[in-house]
Every structure is written in structure tokens, then in C-alpha cells.
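# Reading the structure
Residue strings, one per chain:
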Amino acid sequence: MNMSSRLPPSLWLTIGAASVYALAGSPACAQDSGIALAGGIAGKTPSGYVGAVVALPGASLGRGPALRAVAALSKYSYNTASAKVDGRATALTLAGVHQWSGEWGYANLAAGLSYHDTHLSPDDPNNANRGERWDGIVALDGMRNFHAWRLGGYGSYGFALKEYYARLEITHPLAGSIRLGGEGVLQGDPSYRRRLYGAVLYFVPGAGWEVRISGGMQADRPDRSAYASIALSRAF
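Now for a description of the structure that goes with this document. (Residues numbered from 1 in each chain as written. Predicted model: local features only at pLDDT ≥ 70, side-chain atom pairs only at ≥ 80, totals over all residues. Heavy atoms only, no water.)

A few words on the packing of aromatic side chains. Summed over all chains, the structure comprises 3 aromatic pairs. On the basis of an interplanar angle of 50° and a centroid distance of 5.2 Å, the ring pair of Y115 and W134 is categorised as tilted. With Y115 in strand β5 (residues 105-121) and W134 in strand β6 (residues 131-146), this residue pair connects regions lying 19 residues apart in the sequence. Of the residues examined, W134 reaches a relative accessible area of 59% and is grouped as exposed. Consider the rings of Y154 and Y165, whose centres lie 5.9 Å apart with planes at 70°: the pair is edge-to-face. Here Y165 lies in strand β8 (residues 163-175) and Y154 lies in strand β7 (residues 149-158), a separation of 11 residues in the sequence. The exposure class assigned to Y154 is buried, which follows from its relative accessible area of 5%. Here Y165 falls in the buried class, since its relative accessible area comes to 5%. Cation over ring: R144 sits above F146, and NZ or CZ is 5.3 Å from the ring centre. Above the ring of Y202, the side-chain terminus of R150 is found at 4.8 Å from the ring centroid. (Phe/Tyr/Trp six-rings, centres within 6.5 Å; stacked < 30°, edge-to-face > 60°. Helix = DSSP H or I, 4+ residues; strand = E, 2+ residues; numbered from the N terminus. Buried < 20%, exposed > 50% of the residue type's maximum accessible area, 1.4 Å probe, protein only. Lys NZ or Arg CZ within 6 Å of the ring centre and 35° of its normal.)

What follows is the structure in C-alpha cells.
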């Protein structure tokens, strides 16, 4: 199997979750109880997701306990010794989150379960991700303000498939609510690894909204294939 062209659906879900938390650092009012999210990734393995983070009673967005839910859909392909395999995957995750935030930035610690349903055409019995699977996940993310600079990171791990995802970004304001910077991503499992490098742009089109756009290249592919993503959030 050509592992370099395979991206497990659970990692696309992780990317969605990472975008959830990248945007959860946007300014929130004391009365905000949650944040709604949507986004997608364009490239050779496109995906899209919707999700929300909702504070539990007695808490608020950015402070105290919350629930996170994300649903994702992805398409991908890879080559085996005998055929090209097309994959379509749906993924759902539900996690409990504890949130901290202040003038310094924010931090979130999450743990929960994810469900994956993967269809392959033609079927590939050697693919560990085929069919329906459950996995326990943990995630840690945060953002720290250093005067004008903002350093953010996200990391997660799935125990059943031993999948990992890590992203680090740094941004600086350009004008108004616009921020520009760079990101690096490392992801994989025992069978493969991927490294992505790119630029990231944030802007606030209206009160309670934030938009994140990123794009770059996959460093460990011979063709240096490109990726681009967009994520939207709305506090409520």
C-alpha cells in the first residue's frame, strides 16, 4: 500500500477539531455560551466539517466545562499493489472540555470518543480504517499572547489507532483585526507520517465572527502537493 497517499478519516476529523480550537480563541463576551463552526480543506484529499463548543450550565465560552461535537466528511485515495482505492469517510466526535482563558490567552483540555465509518472502493481488507470503528481521544490546545505576537498550538492522540496530530502557529497583526503568520503540522500513525507547512490568515468580518484561511505544501510528498483550508466561527 502506498501509505504516503492515504489519510485516515479520523485525522480529517482531528483537523476539524483543531480548527475548532484555533477559532475558539477569538474574543468572546461574558454572556457567550458557545461557538458554532464550519470549514473545509481543498486538495487531493478534500474534507469538510461542522461543529460546536457549548459551555455547560454555570460556565461560559472560554471558562469552565463544555461539550465539543464535530461531524466531518472526507474523500481520499491511495494505491495498492493491484488497484487504486477510493475512500469516503464520515466521522463524529463528542468530548468533554475544560476551558481556561484570560488576557494571557486561552487553554483547553479535552477527552472523549470518536466514531468513524469508512467505505472503500474496491474493498481493501488490509486497511485498518475500513468499516466502523470507535476510538478514545485526548486533546490539548492553547494560545498565548506575547504583546503583538500570538502563539497557538493543538495536539491530539487517538488510542485505538495510535494516531497523532500536532499543529503550531504564530501570527502578528497587520491592520485592524487581520493577522498573518505561519503554521506547521505533523500527523500520522504507526504506518505513515505527514508534514505540512504554510501561511495562515485571520480576520474578523463582524461581531462574534472569525475567519481563518491557511495554505501551503505537504513537505514529504515528491510532488510537493498543495493544500488550502478555510474555517469559520460564530460565537453565540
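Past the structure itself, the notes keep going.
As a further point, take the pairing of strand β3 (residues 64-79). Two elements, strand β2 (residues 47-55) and β3, share 9 bridges in a ladder whose sense is antiparallel. Bridge assignment links V50 to a residue of β3, and that residue is A71. Summarising the sheet, β3 and strand β4 (residues 84-102) pair through 16 bridges and their orientation is antiparallel. Pairing of A71 across the sheet is with L92, part of β4. Linking β3 back to β4 in an antiparallel pair, the connection comprises 4 residues. (Pairing = 2+ DSSP bridges.)

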